[in-house]
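Structural characterization, general
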Amino acid sequence: MIYYVFPDGGRMPMIGLGTYGLRGEDGARCVLEALDMGYRHLDTAATYENEREVGRGMALSQVSREEIFLTTKVDREDLCYDRFIASCESSLERLNTDYVDLLLVHWPNREVPIEETLRAAQRLVEQGKARRFGVSNFIRPYLEEAVGADRLPIATNQVEYHPYLNQKGLLRYCLEKRILLTAYSPLGHGKGHVLNDPVLQEISQRIGRTVAQVALRWLLQKGIAVIPKSASRSRMAENLAAADFELEEGLAQRIEALEERKRLIDWWPGDFEKDPGAFE
């Protein structure tokens, strides 16, 4: 396993299990299977409506809570001070744990000052209910505002990132500020699924790795954590094995050239593409 080391010395596995859509008994089973095969990073959110399943999968596993890096997120409608704290505490109850390793703002909300959200997050960190705080879906102007508040370190920015959406400017900024960039939907989505890309398929055949492993390894070598979602045991194992090899520089550059600046996941309401920095 590859780990990212935070400035405070804590570690996060660079490959995690995204759990969006994993619900019911099947959801708990997927979490249990993932932990049994070596995953130690689980990603969920209040809006996924599966925190109980994630907590049940963890409870059924022989893996201790201290070995698991657990992330959850607060919805954009709950970013004011009291609601942010209440959302986190409700998530802890559903997850059946005393703390999360990483608590994220799921989406930005211009109607709530980021300073207010950061004050709430700081209280939760001080109480030990969240080990670290981060954001999700923050394009650079929003991220700069959070960093500029200078109240709490931003551990990560979790965004859509894959070969068709290579946000180089945002990555450079995160590296400069020591903010880990985490890629959700790292294999694309729907018709934009990168598994069908001919360049990635050619590289896959050349090096004897799957297309998914090639795409994930490209991200890992850029210093980006990945949280691919899968309900299949074989796919989960395949994704985890992306840590086991290196891509030659020439092959990585071919993947860099695939960029189409194409978002495949719905964003917040409004014409976000007109927002300065939307594709940086």
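Below: a short report on this structure.

Parameters and conventions
Counting of residues starts from 1 at the beginning of each chain's written sequence and follows it residue by residue. Owing to the predicted nature of the model, reporting of local features is limited to residues with pLDDT of at least 70; listing and counting of side-chain atom pairs is limited to 80 or more, with chain, interface and lining totals taken over all residues. Neither water nor hydrogens contribute to the side-chain values; these are computed over all heavy atoms in the structure. For Phe, Tyr and Trp, rings pair up if their centres lie within 6.5 Å, where Trp contributes its six-membered ring, and each pair is then called stacked (planes under 30 degrees apart), edge-to-face (over 60) or tilted (otherwise). A run of DSSP states H or I qualifies as a helix once it reaches four residues; a run of E qualifies as a strand once it reaches two. Both are numbered from the N-terminal end. Buried means the residue's accessible area, taken with a 1.4 Å probe over protein chains only, is under 20% of the maximum for its type, while exposed means over 50%, and partly exposed covers the values in between. A 1.4 Å probe that fits but cannot get out identifies a cavity on a 1 Å grid over protein atoms alone, an open set with protein on both sides within 12 Å along at least five of seven lines counts as a pocket, and a residue lines either if it has an atom within 4 Å of a point. Grid points are joined across faces, edges and corners, and a volume is the space filled by probe spheres set on the points. As a working rule, the residues Ala, Val, Leu, Ile, Met, Phe, Trp, Tyr, Cys and Pro are called nonpolar, Asp, Glu, Lys and Arg charged, and the rest polar, with Gly in that last group. Pairing between two strands is assigned when DSSP locates at least 2 bridges connecting them. Residue contacts follow a heavy-atom distance rule, with two residues in contact if any of their heavy atoms lie within 4.5 Å. For helices, the axis comes from a line fit to the C-alpha atoms of the stretch in contact; other axes are also lines fit to C-alpha atoms, and the angle between any two N-to-C directions lies between 0 and 180 degrees. Polar contacts, as counted here, are pairs of nitrogen or oxygen atoms within 3.5 Å of one another; within protein the pair requires one atom able to donate a hydrogen and one able to accept it, and residues that are adjacent in sequence qualify only if both atoms are side-chain atoms.

So, the packing of aromatic side chains
Inspection of the entire model under this criterion finds six aromatic pairs. Both rings, one in phenylalanine 6 and one in phenylalanine 69, keep their centres 6.2 Å apart while their planes meet at 20°; by these two values the pair is stacked. Highlighted residues: phenylalanine 6 in the loop between strand E1 (3-5) and strand E2 (11-13) and phenylalanine 69 in strand E5 (residues 69-74), separated in sequence by 63 residues. Judged by relative accessible area, which is 4%, phenylalanine 6 ranks as buried. For phenylalanine 69, a relative accessible area of 3% gives the class buried. Consider the rings of phenylalanine 138 and tyrosine 142, whose centres lie 6.2 Å apart with planes at 65°: the pair is edge-to-face. Summarising the burial analysis for this pair, phenylalanine 138 and tyrosine 142 share the class buried. Three or more aromatic residues link up through ring pairs in this structure, and these residues are Tyr4, Phe6 and Phe69.

Structural notes on the layout of surface pockets
There is about 790 Å³ of room inside the largest pocket. Lining the largest pocket are 31 residues, and of these Tyr20, Ser185, His189, Lys229 and Ile265 sit closest to its centre. The element that contributes the greatest number of residues to the lining of the largest pocket is helix H9 (residues 233-240), accounting for three residues. A class-by-class count of the residues in the lining of the largest pocket yields twelve nonpolar, 14 polar and five charged.

Looking at the sheet that holds strand E10 (residues 225-226)
The strand order across the open sheet formed by eight strands is E3-E4-E5-E6-E7-E8-E9-E10, and the pairing between neighbours is parallel. Strands with a single pairing partner mark the edges of an open sheet, and in this sheet they are strand E3 (17-18) and E10. With four bridges connecting them, E5 and strand E6 (residues 102-105) associate as parallel partners. Each residue of the ladder has a partner; that of valine 74, found in E6, is valine 105. Contacting E5, E6 and strand E7 (133-136), helix H3 (residues 81-95) crosses the sheet at an angle of about 135° to E5.

Structural notes on the environment of leucine 95
Along the chain, leucine 95 falls in helix H3. Owing to a relative accessible area of 1%, leucine 95 belongs among the buried residues under this scheme. Once you skip the residues sitting within four places of it in the chain, leucine 95 turns out to touch Thr44, Glu51, Val54, Gly55, Leu70, Thr72 and Val100.

Observations concerning unusual backbone geometry
Positive phi outside glycine occurs at glutamate 49, with the angle close to 55°. Positionally, glutamate 49 belongs in the loop between strand E4 (41-43) and helix H2 (51-60). A residue is classified by how much of its surface remains accessible, and glutamate 49, at 58% relative accessible area, is exposed. A positive phi angle is found at aspartate 150, which is not glycine, with a value near 55°. Position of aspartate 150 relative to the elements: it lies in the loop between helix H5 (140-148) and strand E8 (154-160). For aspartate 150, a relative accessible area of 69% translates into the label exposed.

Quick word on the side chain of serine 136
Within the element layout of this structure, serine 136 appears in strand E7. Note on serine 136: relative accessible area 1%, which makes it buried. Polar contacts involving the side chain of serine 136 include one to the side chain of asparagine 137, which spans 3.3 Å.

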